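Observations on chain architecture
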Amino acid sequence: MKPFRLLLTLAWALAALCMLPAARAEMTIEIVGGGTNRHPIAVAAFQDEASRVGGNLTPIVRSDLDMTGFFRQISPSAVPMAPADPASPPLPAWQAAGAQSLALGRVEDAGNGQVRISFRLFDTAQRKQLTGGTFTVPVAQTRDVAHTIADMIYQALTGHRGLFNTRIAYVLKSGREYLLQVSDVDGARPQTILRSREPIISPSWSPDGRRLAYVSFESRKPVVWVQDLATGQRRAVANFKGSNSAPAWSPDGTRLAVVLTTSGNSQVYVIDAAGGQARRVTRSDAIDTEPTWTPDGNTLLFVSDRSGTPQIYSAPAGGGEARRLTWEGSYNVSPKVSPDGRSFTYVRREGGRFRVIVQDFGSSDSRTISDAAYNERPSFAPNGRMVLYASDEGGRSVLYAANPDGSSRVRLAVINGDVQDPAWGPFNQP
Amino acid sequence: MNWKHVLVSTATVTLLAACASKQAPAPVTGSTGMDGQASTVTPGTAGQNTVDPLRDPNSPLSQRSVFFDFDSSVVKGDGQTVVNNHSAYLKSNSQRKVTIQGNTDVRGSREYNLGLGQRRAESVKRAMQVLGVPESQLEAVSFGKEKPRATGNTEADHAQNRRADIAYDGE
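Residues numbered from 1 in each chain as written. Chains lettered and ligands numbered in written order. Predicted model: local features only at pLDDT ≥ 70, side-chain atom pairs only at ≥ 80, totals over all residues. Heavy atoms only, no water.

In the nomenclature of an unreviewed UniProt entry, chain B corresponds to Peptidoglycan-associated lipoprotein from the organism Gulbenkiania indica. Of the comments in the UniProt record for chain B, the one headed Subunit (unreviewed entry) reads "The Tol-Pal system is composed of five core proteins: the inner membrane proteins TolA, TolQ and TolR, the periplasmic protein TolB and the outer membrane protein Pal. They form a network linking the inner and outer membranes and the peptidoglycan layer." Check the Sequence similarities (unreviewed entry) section of the UniProt entry for chain B; it says "Belongs to the Pal lipoprotein family." (UniProt positions renumbered as here; feature names shortened; annotations may be inferred.)

If you check an unreviewed UniProt entry, chain A appears there as Tol-Pal system protein TolB from Gulbenkiania mobilis. According to the UniProt record, the Function (unreviewed entry) comment for chain A is "Part of the Tol-Pal system, which plays a role in outer membrane invagination during cell division and is important for maintaining outer membrane integrity." In its Sequence similarities (unreviewed entry) section, the UniProt entry covering chain A states "Belongs to the TolB family."

Rendered as structure tokens:
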């Protein structure tokens, strides 16, 4: 496959209003790979968006769609006329220009500082509307509407639930500070959840999207905290003697798998999400760490070097015999299970490269989905159609979202800092 | 089990609060970091003219680091001497406690490196226990690859980071 490159630089004027200087997040979305089977779509500029919402609509819809690696965008200039009526665009002309689908819409003044945004998605060959909608919102919520429109287009054309209204968490290293942040999936609208002079690692989303568990070194040792995103209230839920780390929420949101060292080595335990007694899950004299749950909550995957090298194992969440899942390579770490429970992603060291791998359960078949030499901490998007991970580029860390079949990758570069330990949040977000 | 809940009141960051309706102010941690706190209380030396050996740069106790070979948590050679000196001090100063902080070089999984650093810290802790230091004076923790002393990528840098540090409480 010939590498295919498209560079779209988007300056987020809206986002800039709401950011700390250190957390500036102008995004560069770069699509790498893919190209052969991508769906050709044209997203025409929304009528009157420049005057009514500062042009902050069409570029967001387009970059959302780009992020999936599923689409090839046909330049709207291919059909050089602004359709006067979004209800009846010249579909044959768009079809001739190569667009299989056409999205277009308009922005109207709804009074009281509100706008009415309407859009339609057409199949140019069948000459019919596939989906559409109208949203009346304050101007400040234009970005939410843009994400919703991208979700509707994505769902109509792929059959999969869109995830542009979900959020990601990550740690931004900025100077001597560590900022735990939550942002839109494209990195826009970053919100700082916690700032510290000491390291913060391993953020993990609660299934309801309301809380983050993470590891903070603020007390000069690793301690697991849970923080409510709406109120900012936080509580140390695992602060045992020794190190406390690697939190992972159970799918029902009631418990956390964590790693404690009270036995004299790193072992996997389960605690109540509010804290309390710890129940030991793994029993080895090795390092057992990075637990993660299968979607049914019955099984934990984790990393153990009980064989002499770190490999990925599964074990019943209630404790019991562990089964080794990785046999290729001498360093397999950081597992996460896909939302459908059929595959898992992890990092494998191979000849000095740290690759992101996706492997199906029940087979040892695996594929590499990353390209850079050094990658960390993959996690699945909640619809299972993308894997988010951190990549080293020229000595700093950037985020990538890759298709789990390895066919495409998109770089999400946050300017002004190293982005570490990304985690894709759930669909259910307040 | 030595368990406690810690509820931390949140600091106010008005800049953020002004930004997003759903967003609470971001808490700011109160850590002083490794280089803070110059006015440390030093028990056991009040009224004496003797210099606290922990603060004497010429004391063998000024050596606080135990270094390890690649992929190893075995305390060796110079490291054993460091362990011996601090073990003797801890046995005759039973009110003092230390945290042993394990570190690793900078490549690979953060959490697995935390485990590797823990293994090094536990190795130093066990060596001290073998010499008779009570467990109640010792805590082994890990910084993994998060606080490297050397940030370069040479073998000398990596060797600097394969390390456990002995930190006295109150320092």
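Right, let's talk about the packing of helix H2 (residues 77-92) of chain B against helix H3 (residues 110-130) of chain B for a bit. Residue and element names in this part refer to chain B. Where H2 contacts H3, the two axes come as close as 9 Å, and the packing angle between them is 55°. It follows that H2 is oblique to H3 by the angle criterion. In the crossing of H2 with H3, the sense of the turn from one axis to the other is right-handed. When H2 is examined against H3, the residues Val83, His86, Ser87 and Leu90 are found in contact with a partner set consisting of Val124, Ala127 and Met128. In terms of residue class, the contact of H2 with H3 is made up of 5 nonpolar, 2 polar and no charged. (Axes fitted to C-alpha atoms, helices over the stretch in contact; angles between N-to-C directions. Helix = DSSP H or I, 4+ residues; strand = E, 2+ residues; numbered from the N terminus. Parallel < 35°, antiparallel > 145°, perpendicular 65-115°, else oblique. Left-handed = near helix turned anticlockwise from the far one by under 90°. Contact = heavy atoms within 4.5 Å. Nonpolar A, V, L, I, M, F, W, Y, C, P; charged D, E, K, R; others polar.)

If a strand is regular, its side chains alternate between the two faces of the sheet. Residues and elements named next belong to chain A. Here strand E24 (residues 343-350) lies mainly inside the structure; 6 of its 8 residues are buried. In this sheet, E24 lies alongside strand E23 (residues 332-337) in antiparallel orientation, the contact comprising 4 bridges. Within the sheet, the bridge partner assigned to Asn332 lies in E24 and is Arg348. Where E23 folds back on E24, the antiparallel hairpin that results is connected by 5 residues, among which Gly341 adopts a positive phi of roughly 75°. (Buried < 20%, exposed > 50% of the residue type's maximum accessible area, 1.4 Å probe, protein only. Pairing = 2+ DSSP bridges.)

What follows is about the layout of surface pockets. Here the second largest pocket is characterised by a volume of approximately 980 Å³. Lining the second largest pocket are 45 residues, and of these Trp205, Thr292, Lys336, Val337 and Trp424 of chain A sit closest to its centre. Within the residue set of the lining of the second largest pocket, elements represented by two or more residues are strand E11 (200-205), strand E15 (244-249), strand E19 (288-293), E23, strand E27 (375-380) and strand E31 (418-424) of chain A together with H3 of chain B. Class assignment for the residues of the lining of the second largest pocket results in 24 nonpolar, 14 polar and 7 charged. (1 Å grid on protein atoms, 1.4 Å probe; cavity = no way out; pocket = protein on both sides within 12 Å on 5 of 7 lines; lining within 4 Å. Points joined across faces, edges and corners; volume = space filled by probe spheres on them.)

The next thing to look at is empty space enclosed by the protein. This structure, assessed with the given rule, holds 1 cavity of 30 Å³ or more. Space inside the largest cavity adds up to approximately 40 Å³. Looking at the largest cavity, the residues that line it are Ser243, Ser245, Val259, Thr261, Ser266 and Thr289 of chain A together with Glu111, Leu114, Gly115 and Gln118 of chain B.

A word on the pairing of strand E5 (residues 163-168) of chain B. All names here are of chain B. E5 sits mainly inside the fold: 6 of its 6 residues count as buried. Side-chain alternation along E5 places Arg163, Asp165 and Ala167 on one buried face and Ala164, Ile166 and Tyr168 on a second face that is also buried. Pairing between strand E2 (residues 65-67) and E5: 3 bridges, direction antiparallel. Of the residues in E5, the one forming a bridge with Val66 is Ala164. Bridge count for strand E3 (residues 98-103) against E5 is 6 bridges, and the pairing is antiparallel. Residue pairing in the sheet places Ile100 in a bridge with Ile166 of E5.

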